[in-house]
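Architecture and fold: a report
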Amino acid sequence: MSEANEMIKADGLVKIYKTKETEVLALQGLDLTLERGELTAIIGNSGSGKSTFLNMIGGLDRPSAGSLFVDGKNLFTMSEKELVLYKRDTVGFVWQNNGRNMLPYLTAVENIMLPMNLSSTHHKKKKALELLEMVGLSAKKKSKMNMLSGGEQQRIAIAIALANSPKLLLADEPTGSVDTRTADYIFDIFKELNANGQTILIVTHDTALSKKVRRVIAIRDGKISSERILKEEYAERIGESGIDWRAEDTQDEYVVLDKANRLQIPKELIEELDLSDNKVKITYKEDKIMISKP
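To keep things clear, this report deals only with the structure shown in the data block. These figures come from a predicted structure and were not determined experimentally.

With respect to the overall build of the protein
- Broken down by element type, the protein carries 10 helices and 13 strands.
- Relative to the globule expectation of 19 Å for 294 residues, the C-alpha radius of gyration of the protein, 21 Å, shows essentially globular dimensions.
- With the C-alpha coordinates of the protein rotated into their principal frame, the extents come out at 70 × 50 × 40 Å.
- With 294 residues in all, the protein has 46% of them scored as buried.
- A separation of at least 24 residues holds for 64% of the contacts in the protein among residues at least 6 apart in sequence.

A closer look at the packing of aromatic side chains
- Throughout the structure, instances matching the rule amount to two aromatic pairs.
- Their ring planes at 10° and their centres at 4.2 Å tell us that Phe 93 and Trp 95 sit as a pair that is stacked.
- For Phe 93, a relative accessible area of 15% gives the class buried.

Observations regarding the environment of Lys 15
- Mapped onto the elements, Lys 15 comes out in strand β1 (residues 6-18).
- Overall, Lys 15 belongs to the buried group, its relative accessible area being 9%.
- In sequence terms Lys 15 and Ser 64 are 49 residues apart; their C-alpha atoms lie 4.8 Å from each other.
- Discounting chain neighbours no more than four positions away, the residues touching Lys 15 are Val 24, Leu 25, Ala 26, Leu 27, Thr 52, Met 56, Asp 61, Arg 62 and Ser 64.

Things to note about helix α7 (residues 180-195)
- For α7, with 16 residues, the first-to-last C-alpha span of 22 Å sits near the 22 Å given by 1.5 Å per residue.
- Of all the residues in α7, the buried ones are Thr 182, Ala 183, Ile 186, Phe 187, Ile 189, Phe 190, Leu 193 and Asn 194. Seen along its axis, α7 keeps its buried residues to an arc of 150°; they face one direction. Exposed side chains of α7 directed beyond 90 degrees from the buried face belong to Arg 181 and Ala 195.
- Turning to α7, the residues buried within the fold contact β3 (39-43), α5 (121-134), α6 (150-161), β7 (168-172), β8 (199-203) and α8 (207-210).

Some details on the side chain of Lys 211
- Within the secondary structure, Lys 211 sits in the loop between α8 and β9 (215-220).
- Setting aside chain neighbours within four positions, we find Lys 211 in contact with Leu 230, Trp 245, Arg 246, Ala 247, Glu 248, Thr 250 and Gln 251.

Some thoughts on the nonpolar core
- Counting residues in each nonpolar core, the largest one holds 46 residues, and the members touching the most others are Ile 112, Ile 156, Ile 158, Leu 169, Phe 190 and Leu 193.
- For Ile 112, the residues in contact, after removing those within four places along its chain, are Ala 128, Leu 131, Leu 132, Ile 156, Ala 159, Ile 160 and Ala 163.
- Counting 29 residues, the second largest nonpolar core, distinct from the first, contains Ile 8, Leu 34, Leu 54 and Leu 170.

Here's the deal with the pattern of salt bridges
- Taken as a whole and judged by the stated rule, the model has 18 salt bridges.
- Where Asp 71 meets Arg 36, a salt bridge forms, and the shortest distance between an N and an O atom there is 2.8 Å. Linking Asp 71 in the loop between β4 (65-70) and β5 (73-74) with Arg 36 in the loop between β2 (23-35) and β3, this pair joins segments that are 35 residues apart in sequence.
- Asp 71 sits in the buried class, given a relative accessible area of 11%.
- Judged by relative accessible area, which is 31%, Arg 36 ranks as partly exposed.
- Among the ionic pairs, Lys 231 bridges to Asp 249, the shortest N-O distance being 3.3 Å. Of this pair, Lys 231 sits in the loop between β10 (223-230) and α9 (232-235) while Asp 249 sits in the loop between α9 and β11 (251-255); the two residues are 18 residues apart in sequence, bridging distant segments of the chain.

Reading the values: rules and limits
Residues numbered from 1 in each chain as written. Predicted model: local features only at pLDDT ≥ 70, side-chain atom pairs only at ≥ 80, totals over all residues. Heavy atoms only, no water. Helix = DSSP H or I, 4+ residues; strand = E, 2+ residues; numbered from the N terminus. Rg over C-alpha atoms; globule rule 2.2 N^0.38 Å. Buried < 20%, exposed > 50% of the residue type's maximum accessible area, 1.4 Å probe, protein only. Contact = heavy atoms within 4.5 Å. Phe/Tyr/Trp six-rings, centres within 6.5 Å; stacked < 30°, edge-to-face > 60°. Expected span 1.5 Å × (residues − 1). Arc of directions from axis to C-beta. Core = buried A, V, L, I, M, F, W, Y, C linked by side-chain atoms within 4.5 Å. Salt bridge = Lys/Arg side-chain N within 4 Å of Asp/Glu carboxyl O.

Here you go:
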């Protein structure tokens with residue numbers, strides 16, 4: 001893949017949080033490349049490092065070591081002024097907590113207009129109304145936050161995140177607090193945006209959502225442990241309503257080798273080996289690498 005086609009390039013990314021008493025290693029040499037135009041999900045247990053990674057991409061946190069480029073911009077060396085412009089023009093962020101997405105004393109259309117860097121109020125309002133129509137909430141343009149359901153607030157949050165036509169849309173648990181029907185509607189919005197070229201990165205615990213995405217990245221202990229790729233037959237059935245996306249085996253899973261040729265073996269497989277210590281035997285036979293007890 002050429003550098004021009006890379007939206008995100010993380011290389012050996014490390015994040016350490018320090019307090020007076022201790023240091024917490026949130027990311028431990030994470031490597032990831034995301035192409036322009038991808039719709040990708042990140043999954044992982046609490047504390048795995050996925051939200052830390054999303055915050056760094058969003059310019060909300062600084063890396064401790066390694067390198068991180070987004071849209072060709074080096075987030076490791078940005079000045080505070082450059083970071084402000086980056087957050088305004090390059091990334092749009094949809095938070096799980098709707099209180100962070102909207103100001104409660106403004107109407108829906110005013111919230112969408114607020115971050116816009118266009119000079120004309122007329123152009124701002126015109127675009128805000130177009131975004132409201134895109135998320136199916138034109139009728140709610142004068143509604144304030146307390147007049148909207150949680151699902152409506154989240155859809156308006158997507159419109160706000162798109163106000164400045166960002167190169168990259170980031171979403172932190174966008175379906176975490178809505179019902180299944182609304183979650184499906186939100187995913188349909190993401191799918192349509194992506195079909196029109198929008199690069200989208202989602203952190204999610206929503207099994208149904210993650211199983212619809214072409215590429216899913218699993219983070220464990222601050223590193224990429226595996227990737228899941230949507231099977232071709234399911235890619236053609238995304239719009240079908242009769243599929244139980246939580247139950248179906250929609251993706252092929254691959255363990256990821258890091259640059260030192262190390263891999264994270266799924267915990268359940270290690271438990272099946274019933275090891276007495278941390279040593280395993282590796283053999284190569286018939287185009288397969290076999291891992292067994294000593």
